[in-house]
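Commentary on secondary and tertiary structure
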Protein chains: 2
Amino acid sequence: MKMLKVNMTRDEVIVETFPRDKILGGRALTSYLMTEYGSPTDHALSEKNCFIVAPGLLAGTSAPQSGRISVGVKSPLTGGIKESNAGGTVAHLLGRLGIQGIVVEGKAKEWQVLKITADSAELEPAGDIVGMGNYAACDQLRKRYGEKIGIMVTGRAGEMKMPNSTVAVTDTEGRPSRQCARGGPGAVMGAKGLKAIVVDSKGGSLRKPADDSFKAAIKEATEAIKNGDATEMIHTLGSAAFIQLEHDRGSLPSYNHSQGSFDKVENLTAEKMVKLIEARGGAMGHGCMPGCVVRCSPIYHDADGHFLTAAFEYETLGMLGANLGIDDMDAIARMDRRCDELGFDTIETGSAIGVLHEVGLFEFGDAARAEALIEEMGKGTPLGRILGSGVTGTAKAFGIARVPAVKGQGIPAHSARSSKGWAVTYATTAMGADHTAGIVMDEPLSTEGQVERSEGAQIYSAAQDATGLCLYTFLSPELTVPMINSFYGINWSVEDYLEMGKEILRQERTFNINAGIGKEADRLPDWLTREPLPPTNAVFDVAQKEIDGIFNF
Amino acid sequence: MKMLKVNMTRDEVIVETFPRDKILGGRALTSYLMTEYGSPTDHALSEKNCFIVAPGLLAGTSAPQSGRISVGVKSPLTGGIKESNAGGTVAHLLGRLGIQGIVVEGKAKEWQVLKITADSAELEPAGDIVGMGNYAACDQLRKRYGEKIGIMVTGRAGEMKMPNSTVAVTDTEGRPSRQCARGGPGAVMGAKGLKAIVVDSKGGSLRKPADDSFKAAIKEATEAIKNGDATEMIHTLGSAAFIQLEHDRGSLPSYNHSQGSFDKVENLTAEKMVKLIEARGGAMGHGCMPGCVVRCSPIYHDADGHFLTAAFEYETLGMLGANLGIDDMDAIARMDRRCDELGFDTIETGSAIGVLHEVGLFEFGDAARAEALIEEMGKGTPLGRILGSGVTGTAKAFGIARVPAVKGQGIPAHSARSSKGWAVTYATTAMGADHTAGIVMDEPLSTEGQVERSEGAQIYSAAQDATGLCLYTFLSPELTVPMINSFYGINWSVEDYLEMGKEILRQERTFNINAGIGKEADRLPDWLTREPLPPTNAVFDVAQKEIDGIFNF
């Protein structure tokens, strides 16, 4: 395997051999490389910091649903380390070219595109795609570089170096619908002067396993995914299926986190979405990456039957819908599309618009206003800049004390108060409030055992984020490890695999300490411990002392 | 002595006896009360947090120049503890009424004024002063409550709860020219719904010492101040005297901290100011508080001979002048006045406008633009809100990596790179970059011994901030302790006195740790270690490891 070292200042791409003995991919590699090449003490947007891209351990293989791609940065939103991953095709294409990681350093004078083929990797002027929406920019890049390329692109948000900014990744249809969304990686890519990465895998090939037992391992994993408890539901209904579930258990943030259920939920449900899609065209069950088994993504058309958005997900419906009191699914879909076009994280965006309600700048349910605010963000007006600095920056500018965030990052669409284990993850992960960093669904209203559950979930998630496997595989380590072992010709135990997860967490926490963020910052905002969340009227009441004992390894 | 406990939510003022055995005043009392009543884990602007006022240990006595008043808050700018003090008359008046401290809790529904007389302390509706400039508001308050009152008032900035917001204190002429400026205490006062505190000391009297030797002690101290090395210079030239000194040693931040000397310095000097004042009326050598010996403040008139501003100080000339490339003293004076009117810290304001240069929103030397930006801040336009969130918030909104701040607070007008000991104070004080937290002038370009110097200076400053004595007394502990001992009838050694300083620092650091800010945050931004500052071409190069060893007590 190879690693690309890109120096933007010197307009130079060096291809290095990726050390054979390093079984590192995805988040394990981004966090390792951030430790090696990143600077915790420098500003996230300094040219002294770096932008890392890493496909997972199983990228470019025939392992099912293994095409998540990780980006690693120091986050301009939190000031700490960030790994953010997305689906799409790029990880698979990089894997086919034998590229395990990309380290981007320095800063270019003019916007560049990093073009990667089987023979070469070089920087070229980005030209007219700067300032374009992401969909048009990807169309243009395909005209330049061929129809079959995979693309990672930073949008207007990243060009403007906003802390709320994504790196978009093209899906199997070439749409920039998948987002490495959280923590502002788009701004770091933008600060390098790197507008896009295009990958043409022509001449590449599926990676070959070290051991023939790989086939059996992937077969077993594939069967397990197919037969997974949630697979059929997620395939049929998309992640929107969670709307009703979260509403029912009082954990769907509504009206700026003041309700845990949404009175107009019937207009946001997956069933509603399916009906609209059936009537208008579009499709449920789209797979964003090669080898996808679950195929969860909706393709959503507008009332006239024209394509509107892809990857129209639960978090978007929750944060741009319920959290803003908006039940107009078309309006939310338009906002999703605009966020994809401009490169905004829908979670952070919904969170930031939500707090504007406190200062009279946003009325719940006013979809037109929410859409207009996203346009302001895209234009970089002063108000757009405020919102683009995330919910914490917005609260700071407007003197708002009730901030739904941890370590500067907005709380996602699973209410902390009525999902106490998940909330422990929000409090303690190095990433800021992040729902994928460690999912805890069990006994959500209990205070007991949540720290242990969260720690276990965080170790599991960190390890899985290294493999490139999608969250929705819900694959157990017992089925994951045989794929890794047979592919790499090693002999990891499940414990070895989870030790990789622990090592990732240790590296990330060390980075944060060096960045000035110690364990003292591992806490939820106090108002969550006092303000009951209807309808459960839960408050967050896991003892801080117990929380402080997490990660004792 | 008494302590007022004001509950804004309940519209209630309780008068408590201040414990006789507690020798606590000024910063010693604010930091103690923040530890007792404040909540490090709650948001600075939460109604769970409190706003503290404390005159110094010698307030209301005949000790010379002992009328500094401290406010204590959790800072909305830094997220940590903040003590900010100013001169003016209020401390003296509170002392005469036997009031040692005020704790303000909760949050009023409508804006209130806390009216304190010899007989009573009560909340009254603020009425029409809300929204007024501070000068007009103080005029109006005097109409209501009498000519001889002292006033603390939060301006438009504090009403809007901006992180850059001061608490203004009236001087001996009744002008709100003295500012508890740094760290945003005005926003915390505003978040309580407390618009102003008015103090009428009629019926009060000078506090009586426990021991007659107090007279001799204050006589000795007064003589020492009169004969101090810098007294004549500061009296004659004001703090503007430091313009030439800092320019000469390359430590006057100019052009957004890119130069340490200012090419147009001749237009900012004290000599220039004195000439203008002599020609136009106004005065040098004004004393802001009763019993002032040094009398350092200029009263500055405009070209037509009309009063423009009082307390026109070095930091303002540095940060709104040199740091913005502006050499028009009248324009800087107008900005000083507008900052006093609206309740903005001139340091944070100059720092925030300075970084706008990086994104093309401010051209160095454009005084009209700088004045217009301050008006935007006062109106709370979105751009004004960005600037009002301080230099760190401004940089975050605009994607600026080169941030001249520590712990979220802008670096003042003594360059960190060419004042290495002072810079250690910036890095390590719990307050964020603060010049009064520990002044170190010796061997500014040396890396040796700066941690020790800064630690000593911080202990000295903390103790002095407890006494209410003005910085410009430059009084040694040896002359301060006899005043405290004879006044309180105690027998402190100099070590006991400095132990008070240490205890303040310990409390403040503990508060910050509980607020999520550990010692990992004790560092200057990395670019100061790399970018040489002309003309000395110094970089900050005191070893971080050495810095981390500070406060080992």
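Placed above this text is the structure.
These remarks concern the structure in this document. (Residues numbered from 1 in each chain as written. Chains lettered and ligands numbered in written order. Predicted model: local features only at pLDDT ≥ 70, side-chain atom pairs only at ≥ 80, totals over all residues. Heavy atoms only, no water.)

To continue, consider the relation of the copies chain A and chain B. When chain A is fitted to chain B, the best match, at an RMSD of 0.0 Å, comes from turning it 180° and sliding it 0.0 Å along the axis. Both copies of the chain, as the preceding transformation shows, are related through a two-fold rotation axis. Among all residues of chain A, the minimum C-alpha distance to the rotation axis is found for Pro382 of chain A, at 2.6 Å. Interface overlap between copies: 100% of the residues of chain A at the interface are likewise at the interface in chain B, consistent with a symmetric, same-surface contact. (Least-squares fit on C-alpha atoms with pLDDT ≥ 70 in both. Contact = heavy atoms within 4.5 Å.)

Moving on, we come to the interface of chain A and chain B. Contacts between the two partners involve 34 residues from chain A and, on the opposite side, 34 residues from chain B. Buried surface at the junction of chain A and chain B, both sides included, amounts to about 2700 Å², of which 57% is carbon and sulfur. Taken together, the links from chain A to chain B amount to 2 salt bridges. A salt bridge links Arg530 of chain B to Asp42 of chain A; the nearest nitrogen and oxygen atoms lie 2.9 Å apart. Across the contact surface, chain A and chain B share 10 residue pairs in polar contact (both at pLDDT 80 or more). Listing elements by their share of the side of chain A that touches chain B, those giving two or more residues are α14 (382–388), α15 (390–398) and α19 (494–514) of chain A. Residue contributions to the side of chain A that touches chain B peak at 4 residues, all from α14 of chain A. Grouping the constituent residues of the side of chain A that touches chain B by class yields 16 nonpolar, 9 polar and 9 charged. (Buried area = accessible area lost by both parts, 1.4 Å probe. Salt bridge = Lys/Arg side-chain N within 4 Å of Asp/Glu carboxyl O. Polar contact = N/O pair within 3.5 Å; in protein donor to acceptor, adjacent residues only side chain to side chain. Helix = DSSP H or I, 4+ residues; strand = E, 2+ residues; numbered from the N terminus. Nonpolar A, V, L, I, M, F, W, Y, C, P; charged D, E, K, R; others polar.)

The next subject is helix α10 (residues 314–321) of chain A. Residue and element names in this part refer to chain A. Extensive coverage of α10 is indicated by the burial of 8 of its 8 residues. When α10 is considered as a whole, its buried residues turn out to be Tyr314, Glu315, Thr316, Leu317, Gly318, Met319, Leu320 and Gly321. In this fold, the buried residues of α10 make contact with α8 (241–248), α9 (270–280), α11 (329–342), α12 (346–356) and α13 (367–379). (Buried < 20%, exposed > 50% of the residue type's maximum accessible area, 1.4 Å probe, protein only.)

All names here are of chain B. Its place among the elements puts Lys264 in the loop between α8 (241–248) and α9 (270–280). Its relative accessible area of 28% is what places Lys264 among the partly exposed residues. Counting along the chain gives 57 residues from Lys264 to Gly321, while the straight-line C-alpha distance between them is 9.9 Å. With sequence-adjacent residues up to four places away left out, Lys264 is seen in contact with Tyr255, Gly325 and Asp327.

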